[in-house]
Amino acid sequence: MVRETKIAFGGGCHWCTEAVFQSLNGVYKVSQGFISSNNKNNTFSEAVIIHFNAEEISLEVLIEIHLHTHKSTSQHSMREKYRSAIYVFSKKQKKEVQLIMNQLQSAFQEKIITQILDFESFKSSDNQFKNYYYSNPEKPFCQTFINPKLKLLFTKFSQQVNTNKLNEIITSL
């Protein structure tokens with residue numbers, strides 16, 4: 001039985017986040033758009049929903065990749081638009097994410113500011129912006145901001161990278 005589940009991540013631009021997670025084994029769908037939580041985090045922020053097979057890639061690895069591929073330890077003026085967050089879909093998932101985050105903190109010199117938030121709602125990006133990297137790898141934005149994140153995947157998380165998906169692009173990295 002395949003154990004497919006989902007989690008949502010926000011941090012940097014959703015083009016970058018989408019490309020990172022589209023490039024991984026075990027990730028079957030990445031929905032790019034805007035996510036809101038509740039209470040003070042009820043405004044929409046750029047984020048993605050990841051659908052994955054937990055037997056192929058663990059939630060812990062996905063969270064670790066997320067923390068390393070955006071500024072998870074720094075506050076900046078654009079945090080409302082680019083909220084550093086992990087959006088959870090259940091209380092059980094929230095507890096699991098909290099444990100993982102506590103374990104991963106030791107891998108960072110500074111305190112991780114990424115919030116664990118309840119998923120409230122999602123607004124999909126316009127079609128012209130979906131699959132941005134894989135449709136436009138030669139664009140300056142992709143070369144400047146997304147390629148360094150994909151290079152990090154190759155060096156730090158090579159076993160999780162779907163090389164079949166990236167084969168055409170690997171030479172530019």
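Residues numbered from 1 in each chain as written. Predicted model: local features only at pLDDT ≥ 70, side-chain atom pairs only at ≥ 80, totals over all residues. Heavy atoms only, no water.

**Q** So what about the overall build of the protein chain? Which residues, and what values?
**A** Assigned secondary structure in the protein chain consists of 6 helices and 6 strands. Going from N to C terminus, the protein chain has its helices and strands arranged as β-α-β-β-α-β-α-β-β-α-α-α. Here the protein chain has a C-alpha radius of gyration of 15 Å; the compact-globule value for 173 residues is 16 Å, and the two agree. The dimensions of the protein chain, computed from C-alpha atoms along their principal axes, are 45 × 35 × 35 Å. Among the 173 residues that make up the protein chain, the fraction classed as buried is 47%. Taking as baseline every contact in the protein chain between residues at least 6 positions apart, the subset at least 24 positions apart corresponds to 75%. Accessible area for the protein chain stands at about 9,200 Å²; split by element, carbon and sulfur atoms hold 48% of it. Distance between charge centroids for the protein chain: 5 Å, based on 20 positive and 15 negative side chains. (Helix = DSSP H or I, 4+ residues; strand = E, 2+ residues; numbered from the N terminus. Rg over C-alpha atoms; globule rule 2.2 N^0.38 Å. Buried < 20%, exposed > 50% of the residue type's maximum accessible area, 1.4 Å probe, protein only. Contact = heavy atoms within 4.5 Å. Areas by Shrake-Rupley, 256 points an atom, 1.4 Å probe, with all protein chains shown as cover. Lys, Arg positive; Asp, Glu negative; His and termini not counted. Charge placed at Lys NZ, Arg CZ, Asp CG, Glu CD.)

**Q** Describe in detail the state of the cysteines, supporting the description with residues and values.
**A** Overall, the coordinates contain 0 disulfides when judged by the stated rule. Cysteine 142 forms no disulfide, and the closest cysteine sulfur to it belongs to cysteine 16, at a distance of 8.0 Å. (Disulfide = S-S within 2.5 Å.)

**Q** So, empty space enclosed by the protein: which residues are in play, and what are the values?
**A** Applying the stated rule across the entire model yields 1 cavity of 30 Å³ or more. The computed volume of the largest cavity comes to approximately 30 Å³. Lining the largest cavity are Cys16, Thr17, Val20, His66, Thr69, His70 and Lys149. Of the residues forming the lining of the largest cavity, the biggest block, 3 residues, is contributed by helix α1 (residues 14-22). When its residues are assigned to classes, the lining of the largest cavity shows 2 nonpolar, 4 polar and 1 charged. (1 Å grid on protein atoms, 1.4 Å probe; cavity = no way out; pocket = protein on both sides within 12 Å on 5 of 7 lines; lining within 4 Å. Points joined across faces, edges and corners; volume = space filled by probe spheres on them. Nonpolar A, V, L, I, M, F, W, Y, C, P; charged D, E, K, R; others polar.)

**Q** Give me helix α3 (residues 91-104): which residues, what numbers.
**A** Under the 1.5 Å per step criterion, the end-to-end length of α3 is 20 Å for 14 residues, consistent within 8% with the ideal 20 Å. Residues of α3 that are buried include every one of Gln93, Val97, Ile100, Met101 and Leu104, and no others. In an axial view of α3, the angular spread of the buried residues amounts to 100°, which keeps them on one side of the axis. Facing away from the buried side of α3 by more than 90 degrees, the exposed set consists of Lys91, Lys92, Lys95, Leu99, Asn102 and Gln103. (Expected span 1.5 Å × (residues − 1). Arc of directions from axis to C-beta.)

**Q** Please give an account of the sheet that holds strand β3 (residues 45-53) that cites residues and values.
**A** With respect to topology, 6 strands assemble into an open sheet ordered β5-β4-β1-β3-β2-β6, the strand pairing being mixed. If you trace the sheet from one side to the other, it starts and ends with β5 (115-118) and β6 (121-124), each paired once. The mean angle between the axes of side-by-side strands here comes to 40°, regardless of whether they run parallel or antiparallel. Where strand β2 (residues 27-36) meets β6, 4 bridges bridge the pair, whose relative direction is antiparallel. Bridged to isoleucine 35 within β6 is phenylalanine 122. Helix-sheet contacts for α1 involve β1 (4-10), β2 and β3, and the interaxial angle to β2 is about 160°. Taken strand by strand, helix α2 (residues 59-68) contacts β1, β2, β3 and β4 (85-88), and its axis lies near 15° from that of β1. (Pairing = 2+ DSSP bridges. Axes fitted to C-alpha atoms, helices over the stretch in contact; angles between N-to-C directions.)

**Q** Let's hear about the nonpolar core: which residues, and what values?
**A** Grouped together as the largest cluster of nonpolar side chains are 40 residues, with contacts concentrated most on Ile7, Phe9, Phe21, Ile50, Phe52 and Ile63. When residues in this core are grouped by element, the largest group, 6 residues, is from α2. Formed by 7 residues, the second largest nonpolar core is a distinct cluster that contains Ala8, Ala47, Tyr87 and Leu117. (Core = buried A, V, L, I, M, F, W, Y, C linked by side-chain atoms within 4.5 Å.)

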